[in-house]
Amino acid sequence: MPIALLALAIGAFGIGTTEFVMIGVLPQTAADFGVSIPTAGHLITGYALGVVIGAPLLTASAARLPRKTVLLAMMGVFSLGNLLFALSPNHEFGVGFRFLAGLPHGAFFGAGAVVASSLVEPGNRAKAVSMMFLGLTLANVVGVPLGTLLGQQVGWRATFGVVALVGLVAITAIAWLVPHQGRPPRASLRGELDAFRRPQVWLALGIVTFGLGGAFACLSYVTPMLTDVAGFAPRDVTLLLALAGAGMTVGNLLGGRLADRALMPGLYLALVGLAAGLSLFTVTAYSKAGAAITVFAVGVAGFMAGLMMQNRIMQKAGGTPTLVSAAVQSAFNIANSIGAYLGGLVIAGGLGLLAPNWVGATLSVLGLSMAIMSGMLDRREERTAALVPA
C-alpha cells in the first residue's frame, strides 16, 4: 500500500478523535462552562450539524480544486476549529467552534476516499480506502480513551489542543507524502450533482442512514447498558468502548477486503450480522462476558457495512464521486442522530435500557431491505445491458 495512505489515516485519526472524545470529557466541559450535561450536549450536536452542512457545501465549493489542495484546506479548518474550541471563553462560543471543526469532516473523507482509491490498482481500491479509514477506527481504540484520560487528568482544553496538533501533523504528512493530483477530470458542480439523479446513489445513502442508524441506536446508550444491566463498574466502560473500537477496526479491514471481491454479498452479511448482534444483545447484556463479546461484534458488523457503503457509493457515482462520497459522511451523522433519538424515545417510553437494541435491529433490517433492492436493481441493469447489441 502507498505510504501516502498514512497521511490520510493521520487526518482520519484526528477527525475520529475529536468527534467521539467529546462524549468522554462532557462532564468536565459542562462544569467548566457552568452548564448542565444536557446543555453541554449541544457541543456534540453542533459538531454533527457542521458535518451534515459542511460535507455537501464545502465539497461543492471545492469541486474545481485539486484534491490535495482540498485535503490541506480541510485539515487547516479542522485544526483551527479545534484550537479555537480549546480556547473558548463560554459555552456559546464553544458550540460555534465545534460547528466550525465539524464543517471539513465530510469534505475531507470525500476527497480522501477518492485520492486513496486513485493511488492503487482497481482490484485494491476498497482496501486502500479501508487503510485511510483505519485512522478513524484507531481513534476509537486509542485516541478517544487517551483523550478522555487527558481531559480527566489535565483538563478538556488540553485534549482539544492535542487534537489541533494532530491536525497540523496531518497537514505536514499530506503535503509531504500525497502526490499532486491535478484538477479532477470533468470537474464541475453540475457534474457532481448529476450523480444524485441515480437511484442507486439514493439507495446507498438510505442504507447508510438506516443500516448504521441501527448501530448508533445501541452505541448511544451502551454505557448505561453496560453499567446498569451487565454490572460493569463505570471505570471499566472506557476499556469496553475501546473494545468496540477494536471491533470497528476489524470490521474496517474485513470490509476493505470483501468489498474488492464480493461487495454486495459482504454487505448483506454485515447487515444480517448487525441485526442479529443487536437482537442478541437484549439477552447477552445480562452477562459481562456476553455483553463484551456482543459490543465487539456490533463494532465489527457496523463498520464493515459502513466501509462497504463508502466504496459502493463511489462506484455508483460514476466519474464524479467526490460529492456523493462526502454525502456518505452526512448520512453517517444523520444515522447517528436518528439512532440516538429513537433509542432515547423507547427508553423514555418506559421500555427499558435494552429497548434501543430492538430499535437498532429494526433499522438494520430496513437497511438490509434497501441493500437487497439495490442488488436487484444491479441484476436488472445487467440483464438490460446484456440485451443491448455490442
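Within any chain, residue numbers begin from 1 and follow the written order of that chain's sequence. Under the rules for a predicted model, residues below a pLDDT of 70 receive no local features and side-chain atom pairs below 80 are neither given nor counted, while totals for whole chains, interfaces and linings still include all residues. Only heavy atoms go into the side-chain values, all of them from the structure, while hydrogens and water stay out.

Caption draft 1: Broad picture of the overall build of the protein chain. Numbering of helices and strands starts at the N terminus; helices are DSSP runs of H or I of at least 4 residues and strands are runs of E of at least 2. In terms of regular secondary structure, the protein chain is built from 15 helices and zero strands. Values of the radius of gyration come from C-alpha atoms, whereas the globule rule sets the reference at 2.2 Å times the count of residues to the power 0.38. Since a compact globule built from 390 residues should have a radius of gyration of about 21 Å, the 20 Å found for the protein chain is in line with a globular shape. Each of the three principal axes of the protein chain carries a C-alpha extent, and together these read 65 × 45 × 35 Å. Using a 1.4 Å probe on the protein chains alone, a residue whose accessible area is under 20% of its type maximum counts as buried, one over 50% counts as exposed, and one in between counts as partly exposed. Expressed as a percentage of its 390 residues, the buried residues of the protein chain come to 56%. Whether two residues are in contact is decided by their heavy atoms: any pair within 4.5 Å suffices. Put simply, 86% of the contacts in the protein chain that link residues at least 6 apart link residues at least 24 apart. Accessible surface area values rest on a Shrake-Rupley calculation with a 1.4 Å probe, where residue burial reflects the displayed protein chains alone. For the protein chain, the exposed surface amounts to about 15900 Å²; the carbon and sulfur share of it is 70%. His is not counted, nor are the chain ends, whereas Lys and Arg count as positive and Asp and Glu as negative. To locate a charge, take atom NZ for lysine, CZ for arginine, CG for aspartate or CD for glutamate. Where the 21 positive side-chain charges of the protein chain centre and where its 12 negative ones centre are 7 Å apart.

Caption draft 2: Quick look at the pattern of salt bridges. For this analysis, a salt bridge means a side-chain nitrogen from Lys or Arg found within 4 Å of a carboxyl oxygen belonging to Asp or Glu. For the structure on display, the rule yields two salt bridges. Of the charged contacts, one joins R157 and D32 as a salt bridge, the two residues approaching to 3.1 Å between their closest N and O atoms. Remark: D32 occurs in helix α2 (residues 26-33) and R157 occurs in helix α8 (residues 156-177); sequence separation between them is 125 residues. Look at R157 and you get partly exposed, because its relative accessible area is 29%. By relative accessible area, D32 is classed as partly exposed at 40%. For the salt bridge of R312 with D378, the shortest nitrogen-to-oxygen distance reads 2.8 Å. Remark: D378 occurs in helix α15 (residues 355-387) and R312 occurs in helix α13 (residues 288-316); sequence separation between them is 66 residues.

Caption draft 3: The arrangement of helix α12 (residues 237-284) in detail. The length a helix should cover is 1.5 Å for every residue beyond the first. Counted at 1.5 Å a residue, the expected span for α12 with its 48 residues is 70 Å, but the 16 Å between its end C-alpha atoms falls short. Values of bend correspond, residue by residue, to the angle between axes fitted over the seven residues ending at that residue and the seven starting there. Taking the largest bend as the criterion, α12 deviates by roughly 130°, centred on A262, and proline P265 comes between one and four positions later.

Caption draft 4: Focus on the environment of D228. Looking at the secondary structure, you find D228 in helix α11 (residues 222-229). Here the alpha-carbon distance between D228 and G344, two residues 116 residues apart in the chain, equals 16 Å. A distance of 3.1 Å separates polar atoms of two side chains, one belonging to D228 and the other to T227. Identification of polar contacts relies on pairs of N or O atoms within 3.5 Å, with a donor-acceptor requirement for protein atoms, meaning one able to donate a hydrogen and the other able to accept it, and with residues adjacent in sequence counted only if both atoms are side-chain atoms.

Caption draft 5: Highlighting the confidence of the model for the protein chain. The pLDDT score gives, residue by residue, the confidence of the prediction method on a 0 to 100 scale. Residue-level pLDDT values for the protein chain average 85, and 92% of them are 70 or greater. Looking across the protein chain, the model is least confident in helix α9 (residues 189-194), with a mean pLDDT of 63, and most confident in α8, with 96.

Caption draft 6: A look at the nonpolar core. Buried Ala, Val, Leu, Ile, Met, Phe, Trp, Tyr and Cys residues that are joined via side-chain atoms within 4.5 Å together make up what is termed a nonpolar core. With 71 residues, the main nonpolar core has L8, F108, F109, F133, L205, L267 and I313 as its most contacted residues. A total of nine residues in this core trace back to one element, the largest contributor, which is helix α6 (residues 91-118). Each residue touching L8, except ones within four places of it in the same chain, is listed here: L71, F108, G112, V115, A116, M132 and V178. In this structure, A230, F232, L240 and L278 belong to the second largest nonpolar core, which totals 21 residues.

Caption draft 7: Broad picture of the packing of helix α7 (residues 125-153) against α8. It is the contact of α7 with α8, at a shortest axis distance of 6 Å, that shows an interaxial angle of 140°. By the angle between their axes, α7 is oblique relative to α8. Where α7 approaches α8, its residues G147, L150 and G151 are matched on the opposing element by W156, A158, T159 and V162. All axes here are fitted lines through C-alpha atoms, helices being fitted over the stretch that makes contact, and every angle between N-to-C directions spans 0 to 180 degrees. Here the word oblique covers every angle except those under 35 degrees (roughly parallel), over 145 (roughly antiparallel) and from 65 to 115 (roughly perpendicular).

Caption draft 8: How the structure looks around the side chain of D378. Overall, the relative accessible area of 12% leaves D378 in the buried class. A distance of 2.8 Å separates the side chain of D378 from the side chain of R312, its partner in a polar contact. Residue contacts for D378: discarding those within four places in its chain leaves Q200, M264, R312 and K316.

Caption draft 9: Geometry of α11. Those residues of α11 that fall on the buried side of the exposure criterion are V222, M225 and L226. Mapping the buried residues of α11 onto a view down its axis gives an arc of 90°, with all of them on the same face. Backbone geometry just after α11 places G231 at a positive phi near 90°. Each direction from the helix axis to a C-beta atom contributes to the arc, which is the arc of those directions.

Caption draft 10: Up close: the environment of H42. Locating H42 in the fold gives a position in helix α4 (residues 42-61). Taking the C-alpha atoms as reference points, H42 and V95, separated by 53 residues in sequence, lie 6.6 Å from one another.

Caption draft 11: Representation of the side chain of S117 within the structure. Secondary-structure assignment places S117 in helix α6. The exposure class of S117 is buried, given its relative accessible area of 12%. A polar contact of 2.9 Å, which involves the side chain of S117, links it to the backbone oxygen of V114. With near-sequence residues (within four places) excluded, S117 lies in contact with R125, V129 and M314.

Caption draft 12: Summary view of the packing of aromatic side chains. Between the rings of Phe, Tyr and Trp (Trp by its six-membered ring), a pair exists once the centres lie within 6.5 Å; its type follows the angle of the planes, with under 30 degrees stacked, over 60 edge-to-face, and the other angles tilted. Inspection of every chain in the model, using the stated rule, returns eight aromatic pairs. Both rings, one in F85 and one in F160, keep their centres 4.8 Å apart while their planes meet at 85°; by these two values the pair is edge-to-face. With F85 in helix α5 (residues 67-86) and F160 in helix α8, this residue pair connects regions lying 75 residues apart in the sequence. Each of the two residues, F85 as well as F160, counts as buried. When the ring of F108 is compared with that of F109, the centres are 5.8 Å apart and the planes differ by 80°; the resulting orientation is edge-to-face. Judged by relative accessible area, F109 falls into the buried class, the value being 0%. The rule for a charge over a ring is simple: NZ of Lys or CZ of Arg within 6 Å of the ring centre, and within 35 degrees of the ring normal. The ring of F85 carries the charged tip of R98 above its face, separated from the ring centre by 5.8 Å. Geometry around F232 places K288 over its ring, the cationic atom sitting 5.6 Å from the centre.

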